[in-house]
Amino acid sequence: MADRVTVIGWDGSPLTAAARAALGAATLVAGAAHHLTLPEVPRGAERVRLGSVALAARRIAAHRGTAVVLADGDPGFFGVVRTLRAPEFGLEVEVVPAVSSVAAAFARAGMPWDDAHVVVAHPRTLRRAVNVCRAHTKVAVLTSPGAGPAELGLLLEGVHRTFVICEELGTDREQVSVVTSDKAADHTWRDPNVVIVIGGPVGGPESGGWIAGRDPAAGPRGWTLPGGTYGALGEGENDLLRAAQLARLGPRTGDLVWDIGCGGGAFAVEAARAGAAVIAVDRDPEACARTDAAARRLGVQLHIVHGTAPHVLENLPEPDVVRVGGGGAAVVSAVADRRPQRIVTHAGTRDTAERVGRDLTEHGYDVECALLQSVELDTRAWTEKERSVAFLLSGVLPVREG
């Protein structure tokens, strides 16, 4: 095992005295190509090109001597430190940090970033990173080859965002560009780069917040809000049914939710309040307008699509979870063809519930059905005010082993 491992962050500025001392004593130096050409790298040191951090960690663990790992920005922030400290390598590291690339990007843009979400986009996580950009008004994306500004722009089709693209921060080739998301695919961007994605109102309290990212206390408290918050709601939108549907679907940050038959927008808004990206669909233009008004009033981002399901669903991006609030068995079947992880809907009769449930089962879903009955009381006289009855159906796609 290496006698000593020091991880040095690099942001283009001169190295600190501690970093120069560690590098001068190194017998092995790992880093990207531009790190290994730094004049401070000892001429006699073994040089390891940093591709796979895990492979480099094995080389370092087997090395007899003093090792240094060079990494861009703050190596403890979505960086190499986590891998190097993994138990299988047994490495104890010292860290000499630099300014993170995210902090540098926001500094170049002249923007605060304590209210930003930060995501990493690899080809395997790109879709979830895009969903965060759909759902939130300020996001920093740490990109990678195959998951860069062009790919982000293509997957955000139909959603207007502004990109601040910071290429090769801290180098002589540094460049900052501002483009709209629909134009990002028209360019070739150099790696590494950071993309700041801006959309919708981003203003916050002038005094600043108290927690990084979106303030969880913003807006009224409650997973579901009283129906009066949204004005007139239709059948299938009552508070208790919505709460049960949300519980079955469990929308979360990084998910894309379809709300088909969004009505007054209550479910769509509440899924967005949970951090998910939401596409709300309705054939009624007035329902779309009410949903848009509710989203604006409660400060969430929705993508609203006017059209009739199932045909309008064909060109929508793949969902993680879906609520079918209208359209019946044919729409549920069309949704199941797209294989979301979870589907929830409701039925007014047992026969309809059985028909929908059988179809979900044939599509390979594990199906549950419950009869929900709620009675609202007027607590001034303790008399019955409103009664509702519905069959709640949910389908969960089994997780395949391996």
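Up top is the structure.
All values reported here derive from a predicted model rather than from experimental measurement.

Chemist: Any chance you could break down the overall build of the protein chain for me, citing the residues and the numbers?
Modeler: Secondary structure summary: the protein chain contains twelve helices and 17 strands in total. Reported as C-alpha extents along the three principal axes, the dimensions of the protein chain are approximately 85 × 45 × 45 Å. Within the protein chain, the fraction of its 402 residues that count as buried is 47%. Considering only contacts within the protein chain whose residues lie at least 6 apart along the sequence, 61% involve residues at least 24 apart.

Chemist: Would you mind going over a nonpolar patch on the surface in detail, with residue names and values included?
Modeler: Together, V375, L377 and W382 make up an exposed nonpolar region whose accessible area comes to about 320 Å². Among the structural elements, W382 can be located in the loop between β16 (366–378) and β17 (383–396). For W382, a relative accessible area of 60% translates into the label exposed.

Chemist: Requested: an account of the sheet that holds strand β2 (residues 28–31), with residues and values cited.
Modeler: Sheet architecture is open: five strands sit in the order β3-β2-β4-β1-β5, paired in parallel fashion. Strands with a single pairing partner mark the edges of an open sheet, and in this sheet they are β3 (46–49) and β5 (93–96). Sheet twist, expressed as the average angle between the axes of neighbouring strands with direction ignored, equals 20°. Here helix α1 (residues 17–24) sits on the sheet in contact with β1 (4–10), β2, β4 (66–72) and β5, set at roughly 135° to β1. Along the sheet face, helix α3 (residues 53–62) touches β1, β2, β3 and β4 and points at about 160° away from the line of β3.

Chemist: Give me the lowdown on unusual backbone geometry, citing residues and values where you can.
Modeler: The residue after D191, namely P192, is reached through a cis peptide bond having omega -5°. When you line up the elements, P192 lands in the loop between β9 (175–180) and β10 (193–198). The linkage connecting A309 with the following residue, P310, adopts the cis geometry, with an omega of 10°. Unlike most non-glycine residues, F78 shows phi in positive territory, near 50°. Relative to the assigned elements, F78 resides in the loop between β4 and α4 (81–84). Although it is not a glycine, W382 sits at a positive phi angle of roughly 50°.

The rules behind the values
- The numbers attached to residues start from 1 for each chain and follow its sequence in the written order.
- Reporting of local features is limited, given that this is a predicted model, to residues whose pLDDT is at least 70; pairs of side-chain atoms are given and counted only at 80 or more, and all residues count toward the totals for whole chains, interfaces and linings.
- Working from all heavy atoms in the structure, the side-chain values ignore hydrogens and water.
- Going along the chain from the N terminus, every DSSP run of H or I of four or more residues is numbered as a helix, and every run of E of two or more is numbered as a strand.
- Only protein chains enter the area calculation, which uses a 1.4 Å probe; residues under 20% of their type maximum are buried, those over 50% are exposed, and those in between are partly exposed.
- The contact criterion used throughout is that any non-hydrogen atoms of two residues lie within 4.5 Å.
- The patch calculation keeps residues exceeding 30% relative accessible area without a salt bridge and links them within 9 Å when they carry like charges or within 5 Å when they are nonpolar (Val, Leu, Ile, Met, Phe, Trp, Tyr).
- For every accessible area listed, the method is Shrake-Rupley and the probe measures 1.4 Å; residues are considered covered only by the protein chains on display.
- Should a side-chain nitrogen of Lys or Arg be within 4 Å of a carboxyl oxygen of Asp or Glu, the pair is scored as a salt bridge.
- Only when DSSP finds a minimum of two bridges between them are two strands counted as paired.
- The angle between two axes is taken between their N-to-C directions and runs from 0 to 180 degrees, where each axis is a line fitted to C-alpha atoms and a helix contributes only its stretch in contact.

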